[in-house]
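What follows is the residue order along each chain.
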Amino acid sequence: MSDGDRIVIVGAGVAGLRSAERLRELGFDGEIVLVGDEPRKPYHRPMVSKELITGGVKPVAASLEPYLDLDVHWRLGTRATWLDTKERTVHLPGGESLWYDGLIVATGVYPRHLPGSPRHDPRVRVLRTVEDSLAVRRALGNSNKSVVVIGSGLIGNEFAASMRYMGRDVTLIGHAKAPLHRFGERISAALTKEHQHHRAKLAMNTEVRNWISTKETVGLHLTNNQFLVASCVVLSIGSVPAVDWMRGSGLTIDDGVLCESTLYAVGAEDVVVAGDVAKWPNLRIDETPRRVEHWMNGVESGRAAAESLMLGRANARPYTPLPRAWSSLYDARLQTVGMPSLGKDTIELSDGVTGFVRDGRLIGAAGWDRPKAMIHWTAELDRRLPVPEPVFPAPAPAEPSFAASVASGGDGTPIGEDILAPFERDFLSDTPTAAVPAQEEMPWARVPAG
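No experiment lies behind these values; they were computed from the predicted model shown. (Residues numbered from 1 in each chain as written. Predicted model: local features only at pLDDT ≥ 70, side-chain atom pairs only at ≥ 80, totals over all residues. Heavy atoms only, no water.)

**A word on the sheet that holds strand 18 (residues 271-273)**
Selection criterion: Strands were regarded as paired on the criterion that DSSP finds at least two bridges between them. Secondary structure elements follow DSSP: runs of H or I no shorter than four residues count as helices, runs of E no shorter than two count as strands, and numbering proceeds from the N terminus. Here an angle of 0 to 180 degrees is reported between the N-to-C directions of two axes, which are lines fitted to C-alpha atoms, with helices fitted over the stretch in contact.
Across the sheet, five strands lie side by side as 3-2-1-7-18; this open sheet has parallel pairing. Taken across any chain shown, the strands that pair with only one partner, and hence form the sheet edges, are strand 3 (72-75) and strand 18. Strand-to-strand twist in this sheet, taken as the mean axis angle between neighbours without regard to direction, amounts to 20 degrees. Where strand 7 (residues 102-105) and strand 18 come together, three bridges link them in parallel fashion. Looking at strand 18, one finds that I104 is bridged to V272.

In structure tokens form, the structure reads like this:
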């Protein structure tokens, strides 16, 4: 890319914003057009199920302010309708089109809708946007009845905790045996205990059999024969990549946009992908393309995608993060690092920290309210999941260490604190910034190095 070129970024979330920032950092002086389907500029999306729901912050306070002058043309409230990679054109509603010299796709994901649920009922909502959060607050204000959340994943549990913070009765419905069961028995049991302590009700191993909408409430008949009456129902059953507008474009669409390890899209030139919609092989893990739905991945992949686009396909470097995320639930913190979802077995690494093992190799870790212990396990996973030596046609800078990359944009360029949301800074403060000295033998020593 060079001055006079136009780069179009489709997706105005954190990945799109960080891409635009990185382009300017790298000296791109051409035109940047940022297209977003929401009427708002980028904001802290994790606040949707927490601070925005409880009223702890106003929507304006959730905004993500750029840390430098972006000089971007904003096209908000505009959904891309089709992509023509041969003509290098993004089509918009009303027959409008945008040509590009480079394209960054960062459209993220949409919440799944539950088949059979009354989607026309304003009291049955999903949680993705600020507007969704405000709609839930309106529904809560119209009735003092209980609240129901369907889905025992992270957002569902965050929402349930938010309801108890507000003093509202809440029931969490899930088809799994326990909330956050995918993180192992120890974390699941700890969270169950927290829910019980805060008097949140759980209906696990069950689903909704029938819905009944009345003038004032929504009724749910469950497969365990419970009948719940709710003022509001939130659906939190996962998400799907926002890729419909790219079908027929020549890109490979299969649970996201298939990418090379450098985040260049397979099937097109001058197209890179960032955030939740990107499906790429993280060579630190293996060569299987996967999506990663974490806020920090949006931050880092947005910057990495911009770097790849500026370097060009032939010189772009593989994007090899050590995935990490965290959330607060009641007064406890859940932290994850690596790829726990790939684990076939679990091991207790230390008190409150579960390790996930695949083929005898430690592949991930999750900690329940153990930030200091997670410092060690993050460094240990960084050692056990090394970045492979890249092969370039020309010499390239050495890959920065994990300790350096968490204090930077992944390339050694420092990130000022104002680029990070508070929860981003909180996570980084619990991550080592120097080599961790060897410690006494711990349970992980029984896991062979991969």
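**Points about a nonpolar patch on the surface**
To be explicit about the condition: Each patch is built from salt-bridge-free residues with over 30% relative accessible area, joining like charges within 9 Å and nonpolar side chains (Val, Leu, Ile, Met, Phe, Trp, Tyr) within 5 Å. We get accessible surface area from the Shrake-Rupley algorithm with a probe of 1.4 Å; when it comes to residues, only the shown protein chains can shield them. Salt bridge criterion: a side-chain nitrogen from Lys or Arg within 4 Å of a carboxyl oxygen from Asp or Glu. Burial status follows relative accessibility: with a 1.4 Å probe on protein chains alone, a residue under 20% of its type maximum counts as buried, one over 50% as exposed, and anything between as partly exposed.
On the surface, I212, F227 and V229 cluster together into a nonpolar patch covering about 260 Å² of accessible area. Look at V229 and you get partly exposed, because its relative accessible area is 37%.

**Section: helix 5 (residues 185-197)**
Note the following rule: Helices are assigned an expected span. That span is 1.5 Å times one less than the residue count.
An ideal rise of 1.5 Å per residue puts 18 Å on 13 residues; helix 5 measures up with 18 Å between its terminal C-alpha atoms. For helix 5, the set of buried residues is I187, S188, A190, L191, T192 and H195. After helix 5 finishes, the residue R199 shows a positive phi value of roughly 65 degrees.

**A word on the sheet that holds strand 6 (residues 97-99)**
Ordered by their spatial adjacency, three strands build an open sheet running 4-5-6, and the pairing between neighbours is antiparallel. Strand pairing shows two members of the sheet lacking a second neighbour, strand 4 (82-84) and strand 6, which therefore form its edges. Strand-to-strand twist across the sheet, computed as the mean angle between neighbouring axes with direction ignored, equals 20 degrees. Two elements, strand 4 and strand 5 (residues 89-91), share three bridges in a ladder whose sense is antiparallel. Its bridge partner lying in strand 5, D84 is registered against T89.

All quantities given are derived from atomic positions and should not be read as evidence of function.
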